Number of protein chains: 2
Amino acid sequence: MSGRVPAQTLQLRSLVTASRTVELSLVDVDVPAPEPRQVVVRVEAAPINPSDIGLLLAGADVSQATAGGTPDRPVVTAPISAAAARALAARVGQSLPVGNEGAGTVVASGASDAAQALLGKVVAVAGGAMYSQYRCVPASACLELPEGARAAEGAASFVNPMTALGMVETMRMEKHTALVHTAAASNLGQMLNRICIEEQIPLVNIVRSPAQAELLRSAGAAYVCDSSSDTFMGELVEALQATGATLAFDAVGGGDLAGRILTGMEAAISAGAEYSRYGSSVHKQVYIYGSLDRRPTELIRNFGTAWGVGGWLLTPFLQRAGAEKVAAMRQRVAAALTTTFACSFTDEVTLAGALQLDAIAVYTRQATGKKYLITPNA
Amino acid sequence: MSGRVPAQTLQLRSLVTASRTVELSLVDVDVPAPEPRQVVVRVEAAPINPSDIGLLLAGADVSQATAGGTPDRPVVTAPISAAAARALAARVGQSLPVGNEGAGTVVASGASDAAQALLGKVVAVAGGAMYSQYRCVPASACLELPEGARAAEGAASFVNPMTALGMVETMRMEKHTALVHTAAASNLGQMLNRICIEEQIPLVNIVRSPAQAELLRSAGAAYVCDSSSDTFMGELVEALQATGATLAFDAVGGGDLAGRILTGMEAAISAGAEYSRYGSSVHKQVYIYGSLDRRPTELIRNFGTAWGVGGWLLTPFLQRAGAEKVAAMRQRVAAALTTTFACSFTDEVTLAGALQLDAIAVYTRQATGKKYLITPNA
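Predicted, not measured: the structure shown is a model, and the values here were computed from it. (Residues numbered from 1 in each chain as written. Chains lettered and ligands numbered in written order. Predicted model: local features only at pLDDT ≥ 70, side-chain atom pairs only at ≥ 80, totals over all residues. Heavy atoms only, no water.)

Caption draft 1: Molecular detail of the overall build of chain A. Of the regular secondary structure elements, chain A holds 12 helices and 20 strands. For a compact globule of 378 residues, the expected C-alpha radius of gyration is about 21 Å, and chain A comes in at 22 Å, within 12% of that figure. Along the first, second and third principal axes, the C-alpha set of chain A runs to 75 × 50 × 35 Å. Restricting to contacts in chain A with at least 6 residues of sequence separation, those with at least 24 account for 72%. Total accessible area on chain A stands at roughly 15600 Å², and carbon and sulfur atoms take up 52% of it. The averaged location of the 32 negative side-chain charges in chain A is 4 Å from the averaged location of its 29 positive side-chain charges. (Helix = DSSP H or I, 4+ residues; strand = E, 2+ residues; numbered from the N terminus. Rg over C-alpha atoms; globule rule 2.2 N^0.38 Å. Contact = heavy atoms within 4.5 Å. Areas by Shrake-Rupley, 256 points an atom, 1.4 Å probe, with all protein chains shown as cover. Lys, Arg positive; Asp, Glu negative; His and termini not counted. Charge placed at Lys NZ, Arg CZ, Asp CG, Glu CD.)

Caption draft 2: Representation of the interface of chain B and chain A in the model. Chain B puts 37 residues into the contact, and the matching count from chain A is 37 residues. The largest share of the area that chain B buries against chain A comes from Tyr275(B), Arg277(B) and Arg301(B), three residues that together contribute 27% of it. For the pair chain B and chain A, the number of links is zero salt bridges. For the pair chain B and chain A, the number of links is 15 residue pairs in polar contact (both at pLDDT 80 or more). Among the elements of the structure, helix H1 (50-57), strand S15 (253-255), strand S17 (293-299) and strand S18 (307-311) of chain B are those that each provide at least two residues to the side of chain B that touches chain A. (Buried area = accessible area lost by both parts, 1.4 Å probe. Salt bridge = Lys/Arg side-chain N within 4 Å of Asp/Glu carboxyl O. Polar contact = N/O pair within 3.5 Å; in protein donor to acceptor, adjacent residues only side chain to side chain.)

Caption draft 3: Here's a closer look at the relation of the copies chain B and chain A. In screw terms, the move from chain B to chain A is a rotation of 180° and a rise of 0.1 Å along the axis, fitting with an RMSD of 0.1 Å. Classification of the inter-copy transformation places it as that of a two-fold axis. (Least-squares fit on C-alpha atoms with pLDDT ≥ 70 in both.)

Caption draft 4: View of the sheet that holds strand S2 (residues 21-30) of chain B. Residues and elements named next belong to chain B. Here we have five strands laid out as an open sheet, ordered S4-S5-S2-S1-S6, and antiparallel in their pairing. Of all the strands in the sheet, the pair left with one neighbour each is strand S4 (66-69) and strand S6 (95-97). Neighbouring strand axes in the sheet, compared pairwise and without regard to direction, differ in orientation by 35° on average. Pairing between strand S1 (residues 8-16) and S2: nine bridges, direction antiparallel. Counterpart to Leu 12 in the pairing with S2 is Leu 26. Most of the contacts of H1 go to S2, to which it runs at about 100°, and overall it touches S1, S2 and S6. (Pairing = 2+ DSSP bridges. Axes fitted to C-alpha atoms, helices over the stretch in contact; angles between N-to-C directions.)

Caption draft 5: Local environment of the sheet that holds strand S17 (residues 293-299) of chain A. The strand order across the open sheet built from four strands is S15(A)-S17(A)-S17(B)-S15(B), with neighbouring strands paired in mixed fashion. Each edge of the open sheet carries a strand with a single partner, namely strand S15 (253-255) of chain A together with S15 of chain B. This sheet shows a mean twist of 55° between the axes of neighbouring strands, independent of strand direction. Alignment of S15(B) against S17(B), held across two bridges, turns out to be parallel. Paired with Gly255(B) across the bridge in S17(B) is Thr297(B).

Caption draft 6: Local environment of the environment of Pro376(B). Residue and element names in this part refer to chain B. Within the secondary structure, Pro 376 sits in the segment after strand S20 (372-374). A relative accessible area of 5% means that Pro 376 is categorised as buried. Those residues in contact with Pro 376, other than ones at most four positions away along the chain, are Val 43, Glu 44, Ala 45, Met 130, Ser 132, Gln 133 and Leu 351. (Buried < 20%, exposed > 50% of the residue type's maximum accessible area, 1.4 Å probe, protein only.)

Caption draft 7: Geometry of the nonpolar core. In terms of nonpolar packing, the biggest core is built from 50 residues, with Val180(A) and Val180(B) touching the most fellow members. For Val180(B), the contacting residues outside a window of four places in its chain are Leu203(B), Val204(B), Ile206(B), Leu240(B), Ala245(B), Leu247(B), Ala248(B), Phe249(B), Ile261(B) and Met265(B). (Core = buried A, V, L, I, M, F, W, Y, C linked by side-chain atoms within 4.5 Å.)

Caption draft 8: Representation of a negative patch on the surface in the model. On the surface, a cluster of negative charge is contributed by Asp256(A), Glu298(A), Asp256(B) and Glu298(B). Residue position: Asp256(B) is located in the loop between S15 and helix H9 (257-270). (Patch = residues over 30% accessible without salt bridge, like charges linked within 9 Å, V, L, I, M, F, W, Y side chains within 5 Å.)

Caption draft 9: Layout of the packing of helix H5 (residues 159-173) of chain A against helix H10 (residues 314-321) of chain A. Residues and elements named next belong to chain A. Taken N-terminus to C-terminus, the directions of H5 and H10 make an angle of 55°; their axes are 10 Å apart at the nearest point. By the criterion of interaxial angle, the relationship of H5 to H10 is oblique. Of the two possible hands of crossing, H5 and H10 adopt the one that is left-handed. Residue-level contacts link Val 159, Met 162, Thr 163, Gly 166, Glu 169, Thr 170 and Met 173 of H5 to Leu 314, Phe 317, Leu 318 and Arg 320 of H10. Residue composition of the contact of H5 with H10, by class: six nonpolar, three polar and two charged. (Parallel < 35°, antiparallel > 145°, perpendicular 65-115°, else oblique. Left-handed = near helix turned anticlockwise from the far one by under 90°. Nonpolar A, V, L, I, M, F, W, Y, C, P; charged D, E, K, R; others polar.)

Caption draft 10: A look at the packing of aromatic side chains. For the structure shown, the criterion picks out 10 aromatic pairs over all chains. Joined through ring pairs, the aromatic side chains of Phe249(A), Tyr287(A), Trp312(A) and Phe317(A) make up one cluster. (Phe/Tyr/Trp six-rings, centres within 6.5 Å; stacked < 30°, edge-to-face > 60°.)

Caption draft 11: Seen up close, the pattern of salt bridges. What the rule picks out here adds up to 26 salt bridges over all chains. With a closest N to O distance of 3.5 Å, Glu153(A) and Arg150(A) form a salt bridge. Across the salt bridge formed by Asp293(B) and Arg295(B), the nearest N and O atoms sit 2.6 Å from each other. By relative accessible area, which is 53% here, Arg295(B) ends up exposed. A single salt-bridge network, built from bridges that share partners, covers Glu169(A), Arg172(A), Glu198(A), Glu199(A), Lys325(A) and Arg332(A).

Caption draft 12: Region of interest: the state of the cysteines. Residues and elements named next belong to chain A. For the structure on display, the rule yields zero disulfides over all chains. Cys 196 takes part in no disulfide bond, and the closest cysteine sulfur, belonging to Cys 225, lies 15 Å away. The exposure class assigned to Cys 196 is buried, which follows from its relative accessible area of 2%. (Disulfide = S-S within 2.5 Å.)

Caption draft 13: Focus on H1(B). All names here are of chain B. Restricting attention to buried positions, one finds in H1 the residues Asp 52, Ile 53, Leu 55, Leu 56 and Leu 57. On its buried face, H1 is in contact with S1, S2, strand S3 (38-47), S6 and helix H12 (357-363). Once H1 ends, the next one or two residues include Ala 58, with phi positive near 55°.

Caption draft 14: Just the environment of Glu274(B), in detail. All names here are of chain B. By secondary structure assignment, the location of Glu 274 is in the loop between H9 and strand S16 (284-288). Classification of Glu 274 as exposed rests on a relative accessible area of 75%. The sequence separation of Glu 274 and Ala 60 amounts to 214 residues, and the corresponding C-alpha distance is 50 Å.

Caption draft 15: The confidence of the model for chain A, seen in detail. Confidence along chain A averages 94 in pLDDT terms, with 98% of residues attaining 70 or more. Two summary scores accompany this predicted model of the complex, namely pTM at 0.89 and ipTM at 0.88. (pLDDT = per-residue confidence, 0-100.)

Caption draft 16: Highlighting unusual backbone geometry. All names here are of chain A. For Ala 58, which is not glycine, the phi dihedral falls at a positive 55°. Inspection of the secondary structure assignment puts Ala 58 in the loop between helix H1 (50-57) and strand S4 (66-69). Ala 58 gets classed as buried once you look at its relative accessible area, which sits at 6%. Despite not being glycine, Gln 200 shows a phi value in the positive range, around 55°. In this structure Gln 200 comes out as exposed when scored by relative accessible area, which is 73%.

Caption draft 17: Main features of the environment of Ala108(A). Along the chain, Ala108(A) turns up in strand S7 (residues 102-109). Through-space distance from the C-alpha of Ala108(A) to that of Ala221(A) is 44 Å; in sequence the pair is 113 residues apart.

Here you go:
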């Protein structure tokens with residue numbers, strides 16, 4: 001088996017230094033021989049998700065990044081502000097691999113039946129360190145893609161699909177009946193829109209431009225509110241009244257958007273109701289799951305007392321949901337990989353290509369409509 | 001029975017007008033004859049709590065208040081900003097009674113045994129509209145004070161004591177083991193400090209001046225952090241490490257204090273731990289239950305993803321806790337009315353006295369150490 005697997009492989013690394021810089025580079029790492037329950041995956045595709053960018057760039061100022069090294073082994077260095085550095089103290093001096101998820105072909109297997117069964121198969125893996133040419137992972141961490149599916153189609157089959165399904169599950173677990181989503185024209189947002197249409201869950205999509213609004217409407221979204229419009233708050237309250245949404249997932253984080261959603265929910269609930277000195281008794285919740293806007297979150301507390309804002313992260317949600325539920329969710333994703341859970345990429349880069357300054361400048365902007373795929377073996 | 005009860009009685013009212021002013025006045029209202037399960041209470045003492053001030057002043061600018069009317073029937077008018085007025089639309093034109101709680105003597109009773117049993121007794125009532133000379137309320141809403149207790153001692157036996165006990169109960173229900181409290185030198189804060197000492201619950205008291213810190217230390221508080229000090233954050237993190245507190249109750253609301261508490265909690269939890277890209281997995285919670293600072297809440301999100309900020313209000317907490325628990329809490333308060341749950345007042349005013357501009361200027365500042373008691377029948 002191991003004839004097709006090189007002894008060493010390239011891996012992308014992120015290092016925060018004591019001099020307050022982040023250094024990105026490619027290093028050679030050994031590919032271990034698989035243990036009985038492990039397989040070695042030749043990584044053919046790994047997306048650059050917003051959740052990867054935090055670990056990769058460590059909050060550095062990429063506009064001041066400088067390039068070094070060689071074309072094959074580029075090294076990028078960027079400064080980190082004093083404020084950002086404080087939260088990174090425990091990272092200093094550790095060369096960390098990056099890449100939450102990816103997909104590729106199983107090229108070597110341990111002796112167990114489960115591992116052997118995957119040999120030659122195209123699998124998706126959410127194993128971390130996926131910005132590598134080869135990864136040795138537990139067979140149980142692999143999701144076999146449907147017959148004929150390409151690695152690129154399965155590369156992003158974990159983070160976004162499980163997050164979108166996790167939002168719907170959270171809605172049910174916490175007794176809400178409709179959803180609000182911000183940055184709704186993102187890959188994740190389009191996916192959530194498709195899920196909600198399938199399941200007939202009312203969804204209020206908040207976007208940041210008329211073009212994004214049009215994109216979602218043409219994908220069948222019933223409620224789209226453009227926060228760049230002068231009439232945004234009025235339209236938001238109208239959509240919140242129509243849907244009864246009292247739960248929002250916010251990828252933006254900073255600024256006043258989370259607070260405005262709570263304000264809108266309270267206005268929608270209170271419309272026509274009697275005056276209540278403490279506001280409505282209906283609990284309104286915003287979960288912040290991203291940080292597209294890194295400014296502080298500003299809450300103008302004009303939405304009564306029955307409200308909450310908090311962090312939301314996929315991993316603890318999956319732990320809360322339990323193994324059985326998670327397995328069912330993954331099978332559902334695999335079965336609809338090219339439809340409901342399809343993800344589109346605008347650019348493909350090699351590991352070295354991901355460390356070019358012009359590429360970094362684009363993918364760190366996290367602009368809707370720009371999504372990079374790393375192809376470590378291309 | 002009704003021989004001692006006047007047909008009409010004075011009541012303080014707050015009216016928001018369409019011209020964006022709040023108008024405070026005294027009106028005559030009828031005192032109804034009690035139904036079988038009701039009693040009439042001659043209100044002898046009612047505190048001005050922060051929770052009353054919101055309803056009373058409706059967010060008006062009291063520095064621009066003007067006085068009118070007569071000495072016996074003063075009328076105070078103050079302007080409301082456009083922003084504050086929006087949230088008050090449903091109040092316009094409604095003359096609202098004020099006063100969450102108070103105490104007095106039962107001077108008339110309905111025919112039921114429960115009502116008859118209270119006749120002549122000094123009782124505390126959390127019935128609303130307590131800034132009245134007489135109130136007809138259900139006998140079940142009355143808490144009989146211990147033999148010999150004065151009305152002034154029982155006047156504030158509901159809002160602050162139940163809130164302080166509610167914080168401790170919330171801590172237990174949500175699986176925390178220690179508490180943080182802001183504006184900790186307040187009447188409520190001193191009460192919470194006594195409860196936590198009795199129950200050996202670690203409590204981090206956050207105050208705003210050295211004098212307040214001294215006051216709490218002399219009352220036996222082990223952890224006191226002064227937010228006006230340059231060394232505040234370091235001392236806060238130290239206290240959070242020592243106590244393991246992951247739940248805070250914040251009376252301040254505006255500005256960056258809630259966020260700094262979360263930052264401190266995360267720093268305390270992460271100290272010495274391995275780097276975790278998403279922060280610690282320990283849930284950190286701040287409940288905002290007051291609004292001493294009316295500015296927006298500003299959260300600098302450097303405390304990972306396991307966090308929440310939300311509103312907390314006594315009434316929904318009591319509903320969640322259930323009738324049996326609430327009855328036990330009230331009995332506990334009655335039994336320790338002059339010790340653990342003692343409340344001290346610095347000023348006593350009549351209903352007309354509560355509408356003097358100089359008094360309003362003082363009690364709306366909600367300064368620690370200044371607490372007004374209204375004595376409607378003095």
